[in-house]
Amino acid sequence: MIDALKERWAQVDAALARWESGALITLLFVMLLAGFVQVVLRNVFNTGILGADLLLRQGLLWLGLLGASLAAGGAGRHIEIDLLSRALPPEWARPARRLADGFAAVVCALLARASALFVISELGAESRIAGVFPGWIFQLILPAGFAVMALRFLAGAAFGRPEPPAGKTGAKS
């Protein structure tokens with residue numbers, strides 16, 4: 001049963017990673033294009049796109065959370081401090097990593113809750129971005145991103161994570 005659950009999670013995680021990768025590529029392309037057009041309009045025509053700078057800031061928020069979520073999945077390429085795992089004997093390293101993933105899951109779940117409360121307050125305040133778009137729509141990535149990261153870390157704590165391929169240790173400090 002555990003193996004079936006682990007396999008099903010791996011399928012869901014892989015599908016989610018494909019969607020996140022596509023969303024990241026698309027969003028980055030749109031942001032680069034919008035930024036380029038904004039610079040050309042400002043420098044050549046002394047005008048610009050109304051609210052483009054604010055929308056680009058919101059896009060950066062989405063890039064960050066989608067990227068963090070993607071990094072937390074699969075082989076766990078998120079930033080981690082692995083000093084302890086290097087000092088521990090191999091038989092203790094895996095349980096220590098699972099414990100760290102469990103702790104990260106709790107922290108991400110708390111951040112998801114706090115950011116959901118923030119989005120609810122933004123919904124009630126009826127704030128607008130660029131005077132047009134409801135602000136809460138852009139901030140939905142906060143609870144969603146932290147919730148997905150919490151699930152990924154929880155899966156890492158429950159099922160363990162595969163070791164990264166040799167020579168591809170990811171970003172570690």
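As shown above, the structure is provided for reference.
Residues numbered from 1 in each chain as written. Predicted model: local features only at pLDDT ≥ 70, side-chain atom pairs only at ≥ 80, totals over all residues. Heavy atoms only, no water.

Participant: Provide a residue-level description of the overall build of the protein, including the pertinent values.
Facilitator: From N to C terminus, the protein includes six helices and two strands. Classification of the 173 residues of the protein by burial places 29% in the buried group. Partitioning the intrachain contacts of the protein with sequence separation of at least 6 by distance along the chain shows that 77% fall at a separation of at least 24. Of the accessible surface of the protein, which amounts to about 11100 Å², a share of 72% is contributed by carbon and sulfur atoms. (Helix = DSSP H or I, 4+ residues; strand = E, 2+ residues; numbered from the N terminus. Buried < 20%, exposed > 50% of the residue type's maximum accessible area, 1.4 Å probe, protein only. Contact = heavy atoms within 4.5 Å. Areas by Shrake-Rupley, 256 points an atom, 1.4 Å probe, with all protein chains shown as cover.)

Participant: Break down the pattern of salt bridges for me, citing the residues and quoting the values.
Facilitator: Under the criterion given, the structure shown has three salt bridges. Between Glu20 and Arg152 there is a salt bridge, and its shortest N-O distance comes to 2.9 Å. Within this pair, whereas Glu20 is found in helix H1 (residues 2-45), its partner Arg152 is found in helix H6 (residues 141-159), the two being separated by 132 residues in sequence. The residues Glu20 and Arg152 share a single accessibility class, namely buried. Note that Asp53 and Arg42 form a salt bridge whose closest N and O atoms lie 2.3 Å from each other. (Salt bridge = Lys/Arg side-chain N within 4 Å of Asp/Glu carboxyl O.)

Participant: Tell me about the nonpolar core, and name the residues and values.
Facilitator: By size, the foremost hydrophobic cluster in this structure holds 17 residues, and its most contacted members are Leu65, Leu66, Cys108, Phe146, Met149 and Phe153. For this core, the secondary structure elements donating two or more residues are H1, helix H2 (52-72), helix H4 (90-125) and H6. Beyond its immediate stretch of four places on either side in the chain, Leu65 contacts Ile141, Leu142, Gly145, Phe146 and Met149. (Core = buried A, V, L, I, M, F, W, Y, C linked by side-chain atoms within 4.5 Å.)

Participant: Which residues make up the side chain of Gln139, and what are the values?
Facilitator: On the secondary structure map, Gln139 appears in helix H5 (residues 135-139). Once residues within four sequence positions are removed from consideration, Gln139 is found in contact with Gln58, Phe118, Val119, Glu122 and Ile129.

Participant: Could you give an account of the packing of H4 against H6, with specific residues and numbers?
Facilitator: Running from N to C, H4 and H6 cross one another at 160 degrees; their axes reach a closest spacing of 7 Å. When the interaxial angle is binned, H4 and H6 end up roughly antiparallel. Between H4 and H6 lies a crossing of left-handed hand. (Axes fitted to C-alpha atoms, helices over the stretch in contact; angles between N-to-C directions. Parallel < 35°, antiparallel > 145°, perpendicular 65-115°, else oblique. Left-handed = near helix turned anticlockwise from the far one by under 90°.)

Participant: Lay out a nonpolar patch on the surface with the relevant residues and their values.
Facilitator: Taken together, the side chains of Phe29, Val30, Leu33, Phe36, Val37 and Ile49 present a nonpolar region at the surface, about 570 Å² in accessible area. Mapped onto the fold, Val37 is located in helix H1. (Patch = residues over 30% accessible without salt bridge, like charges linked within 9 Å, V, L, I, M, F, W, Y side chains within 5 Å.)

Participant: Now, about the side chain of Gln38: what can you tell me, with residues and values included?
Facilitator: Within the secondary structure, Gln38 sits in helix H1. A residue is classified by how much of its surface remains accessible, and Gln38, at 5% relative accessible area, is buried. What Gln38 contacts, discounting residues up to four positions off in sequence, is Gly48, Ile49, Ala52 and Asp53.

Participant: Please set out unusual backbone geometry residue by residue, giving values where relevant.
Facilitator: Phi at Asn46 takes a positive value of approximately 50 degrees, unusual for a residue other than glycine. A positive phi angle, near 55 degrees, is found at Glu126, a position not held by glycine. Taking the relative accessible area as the measure of exposure, Glu126 reaches 63% and is therefore exposed.

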